[in-house]
Amino acid sequence: MDDITHSAQFERSDLQLATEGEFAGWRRWTRDNYETHAGPFWHRTEADGRVRCAFRVEKKHLNGAGNVHGGCFMSFADYCLFAIASPVLQGTGVTVSFSCEFLDAAREGELIECFGKVSRAGGSLIFIRGELKSAERLLFTFSGTIKRVKPRA
């Protein structure tokens with residue numbers, strides 16, 4: 001796979017680079033109003049070329065039991081689909097399928113991280129798998145499919 005730092009996604013005007021704080025050097029997209037409100041969710045490319053995504057759990061991410069809301073995990077995992085696929089996506093895409101397993105809970109203050117991989121990138125579909133963890137604790141696994149969307153005339 002191409003290095004994410006050399007992909008077209010870095011030419012996007014909605015890609016913000018954090019210059020200070022816990023996520024200094026990480027990037028996030030700001031075009032998606034829902035993700036901006038639900039996050040902030042962040043991603044970066046590690047030295048080995050893998051895309052790493054993360055967010056810090058805040059009170060707004062919690063359900064009534066004080067654990068991260070399942071919808072928050074799903075929203076973050078959908079964000080991760082696109083971050084992980086960005087080196088091969090080369091344009092716009094939409095999620096066409098998503099499957100997940102809830103394995104453990106997370107609480108306020110925890111750092112949630114995701115690593116994943118592109119299982120296959122075809123002409124129009126990209127298949128991705130990933131895991132969400134807090135430290136070494138596996139919280140959530142997912143797989144999804146992104147369909148490349150061609151610009152309309």
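Small disclaimer: the values here were computed from a predicted structure and weren't measured.

Caption draft 1: Looking closely at the overall build of the protein. Scanning the protein for helices and strands turns up two helices and eight strands. Overall, the protein shows an N-to-C arrangement of helices and strands of β-β-α-β-β-α-β-β-β-β. The C-alpha atoms of the protein give a radius of gyration of 15 Å, which matches the 15 Å a tight globule of 153 residues would have. Across its three principal directions, the C-alpha atoms of the protein cover 45 × 35 × 35 Å. For the protein, the proportion of its 153 residues judged to be buried stands at 41%. As presented, the protein carries roughly 8,500 Å² of accessible surface, and 50% of it is formed by carbon and sulfur atoms.

Caption draft 2: A look at the nonpolar core. Within the largest apolar cluster, 33 residues are counted, with the highest numbers of intra-cluster contacts made by Phe76 and Ile112. Of all the secondary-structure elements, those providing two or more residues to this core are strand E4 (51–56), helix H2 (70–89), strand E6 (111–121), strand E7 (125–134) and strand E8 (137–149). Apart from the residues within four sequence positions on either side, isoleucine 112 is in contact with Cys53, Ala54, Phe55, Val57, Phe73, Phe76, Ala106, Leu132, Lys133, Ser134 and Leu139. The next biggest cluster of nonpolar side chains, apart from the first, holds five residues, and it includes Phe23, Trp26, Trp42 and Ala54.

Caption draft 3: Quick look at the environment of threonine 92. Here threonine 92 is to be found in strand E5 (residues 92–102). Considering only alpha carbons, one finds threonine 92 and isoleucine 146, 54 residues apart in sequence, at a separation of 9.5 Å. Residues contacting threonine 92, with those up to four places away along its chain left out, are Lys147, Arg148 and Val149.

Caption draft 4: Structural detail: the environment of arginine 107. With respect to the helices and strands, the residue arginine 107 is situated in the loop between E5 and E6. On the basis of relative accessible area, arginine 107 is assigned to the partly exposed category, the value being 43%. Taking the C-alpha atoms as reference points, arginine 107 and glutamate 58, separated by 49 residues in sequence, lie 8.5 Å from one another. Among all residues touching arginine 107, those that are not within four sequence positions of it are Val57, Leu62, Ala65, Gly66 and Asn67. At 3.3 Å, the side chain of arginine 107 and the backbone oxygen of glycine 66 are in polar contact.

Caption draft 5: Region of interest: a nonpolar patch on the surface. Side chains of Val94, Val96 and Val149 sit close together on the surface and give an oily, nonpolar patch of about 210 Å² of accessible area. Tracing the backbone through its elements, the reader meets valine 94 in strand E5.

Caption draft 6: Quick look at unusual backbone geometry. Between glycine 39 and proline 40 the backbone carries a cis peptide bond, its omega angle lying at 10°. Tracing the chain through its elements places proline 40 in the loop between helix H1 (33–38) and strand E3 (42–45). The phi dihedral of glutamine 90 is positive, around 55°, even though this residue is not glycine. Mapped onto the elements of the fold, glutamine 90 is located in the loop between H2 and E5. Positive phi values are uncommon outside glycine, yet alanine 135 reaches one of about 55°.

Reading guide: rules and limits
- Residues numbered from 1 in each chain as written.
- Predicted model: local features only at pLDDT ≥ 70, side-chain atom pairs only at ≥ 80, totals over all residues.
- Heavy atoms only, no water.
- Helix = DSSP H or I, 4+ residues; strand = E, 2+ residues; numbered from the N terminus.
- Rg over C-alpha atoms; globule rule 2.2 N^0.38 Å.
- Buried < 20%, exposed > 50% of the residue type's maximum accessible area, 1.4 Å probe, protein only.
- Areas by Shrake-Rupley, 256 points an atom, 1.4 Å probe, with all protein chains shown as cover.
- Core = buried A, V, L, I, M, F, W, Y, C linked by side-chain atoms within 4.5 Å.
- Contact = heavy atoms within 4.5 Å.
- Polar contact = N/O pair within 3.5 Å; in protein donor to acceptor, adjacent residues only side chain to side chain.
- Patch = residues over 30% accessible without salt bridge, like charges linked within 9 Å, V, L, I, M, F, W, Y side chains within 5 Å.
- Salt bridge = Lys/Arg side-chain N within 4 Å of Asp/Glu carboxyl O.

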